[in-house]
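For reference, the chains in residue letters:
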Amino acid sequence: MRVARLVPAAVLTLLLVLLALPGVAVAQEGGGEAVRGTLTQPPEEEGGEPTPVEGVDIVVATQAGEEVGTATTDAEGAYELELPGPGDYSATIVVDTLPEGVGLRNPEAETLEFTIRPGQSRPLLFPLGEGGAGASGRLGFVLQLLVEGLKFGLIIAMTGIGLSLIYGTTSLTNFAHGELVTFGAIATWYLNVSAGIELIPAALMGIVIGAAGAGALDLGLWRPLRKRRTGLIAMLVISIGLSLLLRYVFLFFFGGRTAPYADYVLQEPISVGPVTLSPKDFVTVTLSVAVLIGVGLILQRTRIGKAMRAVADNKDLAESSGIDTERVVLFVWILGGGLAALGGVLLGLDQQVGWQMGFQLLLYMFAGVTLGGIGTAYGALFGSLVIGVVAFLSVLFVPNDLRIVIALLALILTLLFRPQGILGSAERIG
Amino acid sequence: MDWEVILTNAIRAAVGREALVFALLAIGLNLHFGYTGLLNFGQAGFMLLGAYGVATIVATFGGSLWLGLFLSILLAVVFALFLGIPTLRLRADYLAIVTIAAAEILRFIARSPSMSGITRGSFGLQAFADEFYAINPLPAGSYGIGRVSFGANDAWLLLVGWGVVAAAFVVTSLLVRSPWGRVIKSIREDEDAARSLGKNVYAYKMQSLVLGGVIGALGGWLNAVSIQSVQPDSFSTPITFFAYVALIAGGTATLLGPIAGSMIFWAILSLTEGILRGAIGAGFIPTTIMDGNQVGQVRFMLVGLSLMLLMIFRPQGVFGDKRELLLDAR
């Protein structure tokens, strides 16, 4: 399968990992903090060489607005600037120094904000393209955000369905659901990077481990608690304690860094119209859609799926109709854990694997699930897609690091005007 | 291992800055969770507002420390209204989701480069509390017994801090025993019953949320003043759960519970940290299993685990009364 394409990609990956990726030991040996990069113009025709762009100024400033210095690209298009120390900086490309006919591919991204860790030498990318960006450039940017938002929304949906179904079947608001995501991603990382198994079989094993872990949690913790008739609020607090415990267990073993998987890290992007995506993005989207359709079929067609919807709809009625609710709940946990693990792998492929990745996703999950209607499977799917797109499109109006604020605002607006969610059924309290 | 140092450090921790700050956070949570049954998981957010309220006023805008105190309280009130208006009419766990999210959002905003003109991003703000130490009436010297002694400035802070804790204790004691207190407890037990007696449940919940939040913000204000530094990442979600563990350990819905709990909590944390570090230093724990940097991580694990175990086996805490904890779990 596409071996011919994968080999150069792998060599390139290795080279670029050594040269460029943050957090790699080689990059830290230099000691001083620095920022660097290469400006190139995309080739005129398919398969051509990119041409370096010389003599472009890039101004770096501290967060407080003090200028640190200006770097100018050399004949290879490369630039480098040493920084006074770790911290948050911003780099602005001086558009006037760009040659005629060359412009930023994303005209909004004149200034990039970045964080430097101690000893880190960080690469910065200013993608260049055809100059004269106007309405079409902006439209292209919006389309790009839309596609990336959909991709993110699919990941939220995949992880959120488990959260929603667990709530629907047991009324537990599971604050430790993000840790199921991290667990799957980290298990896969160890199989992939430490044990050297190729990512796809490693991910399959990771999903099985994630599903088994979630099942074990239900059998070992939640089922006994339900037997003891522990109150819902007590269970909610227990899930928070579990989340904290697991998160720091991950930190203890995995460490505080973020790390990429060994395969498919850097890929030649493919452009479709104004939208640029790497092959793994296409795989992520296709796979997510396929898996979500599969989950839909399980819920709609199979016996256990119908039982799950029945228990989520009305537990007492389901029980009195002869459904073994405990078995259904166990299956929900296993399904939710497997989906969370897959979502974690896809998220780790898109960004990187880290000990907090699931916890950071939890807010988006809650926002998506609540927007769609907590307790329902299809609502979670729909709401998550909306939240993913809204969060990414909000970059048009707010800084990138604040898009999570928009997700929260969407959540609060939902609660104000339609607390049962778009697909949920109304239930008035108070 | 030097047991004398480990034990005296634990005593210092029990009366120190953290213990009093978390006592205030826990008193606030006790009003929310213990007496009203509100699930506020964003106490770290109230603490952040208390800290940044004073830090930005003094360090960024050059105002007075006391104006900062006023702003801290005002911000906490606004934050409580912002959280309460959409959620307090809904099922209890919506407040939990929104508070945990909103506290994180505040942290993201505080560390965002786009806000650096005011908050200086992840660097935070420093050296803004000289005014507080300038009015220190204590003459220079050492106050305390033996190893458990504090310099004049620390002693002044502890004096004021525990004074605020005592005031918060008196206020909550009076409130909880008043007719107002009986209403919020009845909301915790059965919201519908309280409503059927004509009580405006929504308003009572909101008052409790605001009051507890303001007490938490006072804790944040004191913390910022005592270390003269605020950094956004010191207000992450685990802070809230530290306060929860302190509250539940001491006894939810008891008046002295949050204060005793916070002192016990910090003494135990200091004790475990001292023992772990001592064991690593003496070679009882090989560094291949755990090194000094990982001791702090074990602390968080212990907090998570104790939160689970307390809720499973002793939800009323060490001193609590189980009958006081019939939360209306919907």
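Everything here concerns the structure above.
Below or above, wherever it landed, is the structure these notes cover. (Residues numbered from 1 in each chain as written. Chains lettered and ligands numbered in written order. Predicted model: local features only at pLDDT ≥ 70, side-chain atom pairs only at ≥ 80, totals over all residues.)

1. Some thoughts on the overall build of chain B
Tallying secondary structure elements over chain B gives 14 helices and 4 strands in all. Compactness check: chain B gives a C-alpha radius of gyration of 20 Å against a globular reference of 20 Å for 330 residues, within 12% of the reference. In chain B, of all internal contacts separated by at least 6 residues, the share reaching a separation of at least 24 is 74%. (Helix = DSSP H or I, 4+ residues; strand = E, 2+ residues; numbered from the N terminus. Rg over C-alpha atoms; globule rule 2.2 N^0.38 Å. Contact = placed C-beta atoms within 7 Å.)

2. A look at the nonpolar core
Side chains that are nonpolar tend, in soluble globular proteins, to be buried together. The biggest cluster of nonpolar side chains holds 206 residues, and the ones touching the most others in it are Ala407(A), Leu408(A), Leu411(A), Phe22(B), Leu24(B), Val245(B) and Leu307(B). With 15 residues, helix 10 (residues 325–350) of chain A is the single largest residue contributor to this core. Aside from chain neighbours lying at most four places away, what touches Val245(B) is Phe265(B), Val303(B), Ser306(B), Leu307(B) and Leu310(B). Ranked by size, the runner-up nonpolar core spans 14 residues in total, among them Val56(A), Val60(A), Ala71(A) and Leu98(A). (Core = buried A, V, L, I, M, F, W, Y, C linked by C-beta atoms within 7 Å. Buried ≥ 20, exposed ≤ 12 C-beta atoms within 10 Å, placed from the backbone.)

3. Observations regarding the sheet that holds strand 7 (residues 87–93) of chain A
Residues and elements named next belong to chain A. Reading across from one edge, 5-4-7-9 is the order of the 4 strands in this open sheet, with antiparallel pairing throughout. With partners counted over all chains shown, the strands left at the sheet margins are strand 5 (67–72) and strand 9 (111–116), one partner each. Going across the sheet, the axis of each strand differs from the next one's by a mean of 25°, ignoring polarity. (Pairing = 2+ DSSP bridges. Axes fitted to C-alpha atoms, helices over the stretch in contact; angles between N-to-C directions.)

4. Overview of the packing of helix 5 (residues 199–227) of chain A against helix 10 of chain A
Residue and element names in this part refer to chain A. It is the contact of helix 5 with helix 10, at a shortest axis distance of 7 Å, that shows an interaxial angle of 140°. Comparing the axis directions of helix 5 and helix 10 gives the class oblique. Judged by the twist between their axes, the crossing of helix 5 over helix 10 is right-handed. Where helix 5 abuts helix 10, its residues Ala203, Gly206, Ile207, Gly210, Ala211, Gly213, Ala214, Gly215, Leu217, Asp218, Leu219 and Arg223 lie against Glu326, Val329, Leu330, Trp333, Ile334, Gly336, Gly337, Gly338, Ala340, Ala341, Leu342 and Val345. (Parallel < 35°, antiparallel > 145°, perpendicular 65-115°, else oblique. Left-handed = near helix turned anticlockwise from the far one by under 90°.)

5. Things to note about the pairing of strand 7 of chain A
Residues and elements named next belong to chain A. Looking at chain direction, strand 4 (residues 57–62) and strand 7 are connected through 5 bridges and run antiparallel. Within strand 7, the residue paired with Ile58 across the bridge is Ile93. Bridge analysis of strand 7 against strand 9 gives 6 bridges, and the strand direction is antiparallel. Residue pairing in the sheet places Gly87 in a bridge with Ile116 of strand 9.

6. Let's talk about the interface of chain B and chain A
On the chain A side, the residues contacting the 47 residues of chain B number 40 residues. Those elements that provide at least two residues to the side of chain B that touches chain A are helix 4 (65–87), helix 5 (92–111), helix 11 (201–227), helix 12 (237–250) and helix 14 (295–313) of chain B. The element contributing the most residues to the side of chain B that touches chain A is helix 5 of chain B, with 12 residues.

7. Quick notes on unusual backbone geometry
The phi angle of most residues is negative, glycine excepted, and most peptide bonds adopt the trans form. Even without glycine at this site, Ser171(A) takes up a positive phi of about 60°. Relative to the helices and strands, Ser171(A) is located in the loop between helix 3 (135–170) and helix 4 (177–194). Positioned with a positive phi, Gln228(B) is a non-glycine residue whose angle comes to about 55°.

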